Amino acid sequence: MKQSNVYYTIRAFMGLSFNMMFTAAGLYRIDIAQLEIYQLILIGTALEIAIFFFEVPTGIVADLKSRKTSVIIGLFIVGVGILIEALTPLFLFIFISQVVWGLGYTFISGAMDSWISDEVDKELLEHTIITGSQVYKIMSVLGIVLAAVIGMFNIRYALYTSSIIFVLMGIFAIYTMREDNF
């Protein structure tokens, strides 16, 4: 499989899954977990602080070990983070899920674009990244719609679906991502 197609596939499902999760999590936190405003602020802060603190160590993994490995680890960790939140509406677990989710996200951020930059011809790089961004945005809209449709039955199902998609992307990446030019 061409690496640009692997990139498009992962970006597409990241757009779908992230936006499904963002939409469902907002509803879940208010409707099911019945979090107070200060709790919502705390979990948002936990996510941002986790991303801030984990960005450098996970970037070192991507730059010294492997960008492919960093992306794969991140996909699995984000999936686990989403699952933790969906399992119980308790504030502490939602808070922990945000820290886990933030850790996973930092493994992916930067590593994904750095990986594709190494794997495609320099003449095609700009087109590849722009197309990946367009696919991400289109699938983001679908993710929002899917969260709403699935959420009509049970909002947790949308979170479970998002978690499963991340884990499946991790498995997909294991078998399809090459790292020939690292």
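The structure presented is a predicted model; accordingly, all values stated were derived computationally and were not measured.

A. Summary view of the overall build of the protein chain. Helix and strand counts for the protein chain stand at 7 helices and 0 strands. Its C-alpha atoms give the protein chain a radius of gyration of 16 Å, near enough to 16 Å, the size a compact globule of 182 residues would have. Expressed along its principal axes, the backbone C-alpha trace of the protein chain runs to roughly 50 × 35 × 25 Å. A sequence separation of at least 24 residues applies to 87% of the contacts in the protein chain between residues at least 6 apart. Carbon and sulfur atoms make up 70% of the accessible area of the protein chain, which totals about 9200 Å². The positive charge centre, built from 10 side chains, and the negative charge centre, built from 14, are 5 Å apart in the protein chain.

B. Examining the packing of aromatic side chains more closely. All chains considered together, the criterion is met by 9 aromatic pairs. Summarising the aromatic geometry, the rings of Phe 18 and Tyr 105 are spaced 6.2 Å apart at their centres and angled 65 degrees between planes, so their arrangement reads as edge-to-face. Placement of Phe 18 in helix α1 (residues 3-32) and of Tyr 105 in helix α4 (residues 91-108) is noted, with a sequence separation of 87 residues between them. Taking the relative accessible area as the measure of exposure, Phe 18 reaches 3% and is therefore buried. What makes Tyr 105 partly exposed here is its relative accessible area of 30%. What links up through ring pairs into an aromatic cluster is the set Phe 18, Phe 22, Trp 101, Tyr 105 and Phe 166.

C. Representation of the side chain of Ser 162 in the model. By the secondary structure assignment, Ser 162 is in helix α7 (residues 155-176). When residues no more than four places from it in sequence are discounted, the contact partners of Ser 162 are Ser 17, Met 20, Met 21 and Ile 82.

D. Region of interest: the pattern of salt bridges. In the structure shown here, the tally under the stated rule is 4 salt bridges. Residues Glu 85 and Arg 29 are paired through a salt bridge, measuring 2.7 Å at the closest nitrogen-oxygen approach. Taken as a pair, Glu 85 in helix α3 (residues 67-87) and Arg 29 in helix α1 lie far apart in primary sequence, 56 residues in all. The same class applies to Glu 85 and to Arg 29, which are both buried. Among the salt bridges present, the one from Arg 67 reaches Asp 118, with a minimum N-O distance of 2.3 Å. Separated by 51 residues along the polypeptide, Arg 67 in helix α3 and Asp 118 in helix α5 (residues 111-119) bring together distant segments of the chain. Its relative accessible area of 15% is what places Arg 67 among the buried residues. In the salt-bridge network here, residues are joined through shared partners; they are Asp 63, Arg 67 and Asp 118.

E. Quick look at α3. Taking 1.5 Å as the rise per residue, α3 with 21 residues should run 30 Å; its terminal C-alpha atoms sit 30 Å apart, in good agreement. For α3, the buried fraction is high: 15 of the 21 residues fall into the buried class.

F. Examining the side chain of Ser 97 more closely. Along the chain, the position of Ser 97 falls in helix α4. Beyond its immediate stretch of four places on either side in the chain, Ser 97 contacts Gly 81, Ile 84 and Glu 85.

G. Focus on the nonpolar core. Ranked by internal contacts, the top residues of the largest apolar core, which has 46 residues, are Ile 10, Met 14, Phe 18, Leu 75, Trp 101, Leu 159 and Phe 166. Contributions of two or more residues to this core are made by α1, α2 (37-65), α3, α4, α5, α6 (122-151) and α7. Among the elements that make up this core, the one with the highest residue count is α1 (13 residues). Sequence-distant contacts of Met 14, defined by excluding residues within four places in its chain, comprise Asn 19, Leu 75, Ile 108, Tyr 136, Phe 166 and Met 169.

Cut-off values and rules
Residues numbered from 1 in each chain as written. Predicted model: local features only at pLDDT ≥ 70, side-chain atom pairs only at ≥ 80, totals over all residues. Heavy atoms only, no water. Helix = DSSP H or I, 4+ residues; strand = E, 2+ residues; numbered from the N terminus. Rg over C-alpha atoms; globule rule 2.2 N^0.38 Å. Contact = heavy atoms within 4.5 Å. Areas by Shrake-Rupley, 256 points an atom, 1.4 Å probe, with all protein chains shown as cover. Lys, Arg positive; Asp, Glu negative; His and termini not counted. Charge placed at Lys NZ, Arg CZ, Asp CG, Glu CD. Phe/Tyr/Trp six-rings, centres within 6.5 Å; stacked < 30°, edge-to-face > 60°. Buried < 20%, exposed > 50% of the residue type's maximum accessible area, 1.4 Å probe, protein only. Salt bridge = Lys/Arg side-chain N within 4 Å of Asp/Glu carboxyl O. Expected span 1.5 Å × (residues − 1). Core = buried A, V, L, I, M, F, W, Y, C linked by side-chain atoms within 4.5 Å.

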